[in-house]
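# Architecture at a glance
Chain by chain, the residues run as shown.
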Amino acid sequence: VGFELLRGFSFLPRVQLASFLEQLERAYIPTNPYHSHVHAADVCNSFWYLLSRTEIWTSAGMDGTLQMACIIAALGHDVGHFARNNLFLVASRDALAVTYNDSSVLESFHASSLTRLLNESYGEAPDDRRTLLSSLSSSSVQRARNLMIALILG
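Keep in mind that this is a model prediction, so the values were computed, not measured.

## Focus: the environment of phenylalanine 11
Along the chain, phenylalanine 11 falls in the loop between helix 1 (2–6) and helix 2 (14–27). Phenylalanine 11 sits 125 residues away from leucine 136 along the chain, and the two C-alpha atoms are 7.2 Å apart. Sequence-distant contacts of phenylalanine 11, that is, excluding residues within four places in its chain, are made with Gly64, Thr65, Met68, Leu132, Ser135 and Leu136.

Okay, here's the thing in structure tokens:
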């Protein structure tokens, strides 16, 4: 789903896109019966369908960078989810709850994990390694990141 929806964005290099998506899929915990990479693909596909069919992207004046950010946020919205909820993490004083000050613990963790994956360099050859968003300006990357965080945090 991710590659099909993102391959049309010419500013995303294909090799890095494929590698990023592989890493993102691997970062979902396979033993989690619900918050899996399949759930992420389903949410992403539904989100894309809703936004494209209702023309929200067009009416909101969202450029390609922001559309791409929406798709990546949908794909990564539950990355690393380990089948516990925020109430449990806060009540048990889990290290993540402490890190995120008991506020939107899992959502903050997912957004942070996605950002870390986006900051990694991908490529087949050492001289070809770069981040997925390396062709964007720093201000475009920041806009995309801000939107992804906002979408994941709700």
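## Here we look at the environment of alanine 73
Of note, alanine 73 is situated in helix 5 (residues 64–76). Once residues lying within four places of it in the same chain are set aside, the contact partners of alanine 73 are Leu114, Met148, Leu151 and Ile152.

## So, helix 3 (residues 37–53)
Its 17 residues give helix 3 an end-to-end C-alpha distance of 24 Å, which sits within 8% of 24 Å, the value for a rise of 1.5 Å per residue. Residues of helix 3 that are buried include every one of His39, Ala40, Ala41, Cys44 and Leu51, and no others. Turning to helix 3, the residues buried within the fold contact helix 1, helix 4 (56–59) and helix 5. Glutamate 55 lies just past helix 3 and shows a positive phi near 60°.

## Section: the pattern of salt bridges
Pairing between side chains becomes possible if they bear opposite charge and their charged atoms approach one another. Under the defined criterion, the tally for this structure stands at two salt bridges. Of the charged contacts in the structure, one is a salt bridge between glutamate 4 and arginine 7, with a shortest N-O distance of 2.9 Å. For arginine 7, a relative accessible area of 37% translates into the label partly exposed. Linking arginine 143 and aspartate 63 is a salt bridge whose minimum nitrogen-to-oxygen distance equals 3.1 Å. Taken together, the residues arginine 143 in helix 9 (residues 138–153) and aspartate 63 in the loop between helix 4 and helix 5 connect sequence positions 80 residues apart. Judged by relative accessible area, which is 32%, aspartate 63 ranks as partly exposed.

## Description of the nonpolar core
Counting residues in each nonpolar core, the largest one holds 36 residues, and the members touching the most others are Leu6, Leu12, Phe20, Met68, Ile72 and Leu114. Of all elements in the fold, only helix 1, helix 2, helix 3, helix 5, helix 8 (105–119) and helix 9 reach the threshold of two or more residues within this core. Among the elements that line this core, the one with the most residues is helix 5, at nine residues. Ignoring anything within four residues of it in the chain, the contact list for phenylalanine 20 reads Ile72, Leu114, Leu117, Leu118, Tyr122 and Leu132. Leu89, Leu96, Val105 and Phe109 belong to the second largest nonpolar core, which has six residues in total.

## Focus: the packing of aromatic side chains
Summed over the entire model, instances satisfying the criterion amount to three aromatic pairs. Ring centres 5.7 Å apart and planes at 50° place the aromatic pair phenylalanine 9 and phenylalanine 11 in the tilted group. This pair shows no difference in class: phenylalanine 9 is buried, exactly as phenylalanine 11 is. Residues phenylalanine 20 and tyrosine 122 carry aromatic rings whose centres are separated by 6.1 Å and whose planes lie at 80° to one another, so their mutual orientation is edge-to-face. Here tyrosine 122 lies in the loop between helix 8 and helix 9 and phenylalanine 20 lies in helix 2, a separation of 102 residues in the sequence. Exposure class is identical for phenylalanine 20 and tyrosine 122. Each is buried.

Rules behind the numbers
- Residues numbered from 1 in each chain as written.
- Predicted model: local features only at pLDDT ≥ 70, side-chain atom pairs only at ≥ 80, totals over all residues.
- Heavy atoms only, no water.
- Helix = DSSP H or I, 4+ residues; strand = E, 2+ residues; numbered from the N terminus.
- Contact = heavy atoms within 4.5 Å.
- Expected span 1.5 Å × (residues − 1).
- Buried < 20%, exposed > 50% of the residue type's maximum accessible area, 1.4 Å probe, protein only.
- Salt bridge = Lys/Arg side-chain N within 4 Å of Asp/Glu carboxyl O.
- Core = buried A, V, L, I, M, F, W, Y, C linked by side-chain atoms within 4.5 Å.
- Phe/Tyr/Trp six-rings, centres within 6.5 Å; stacked < 30°, edge-to-face > 60°.

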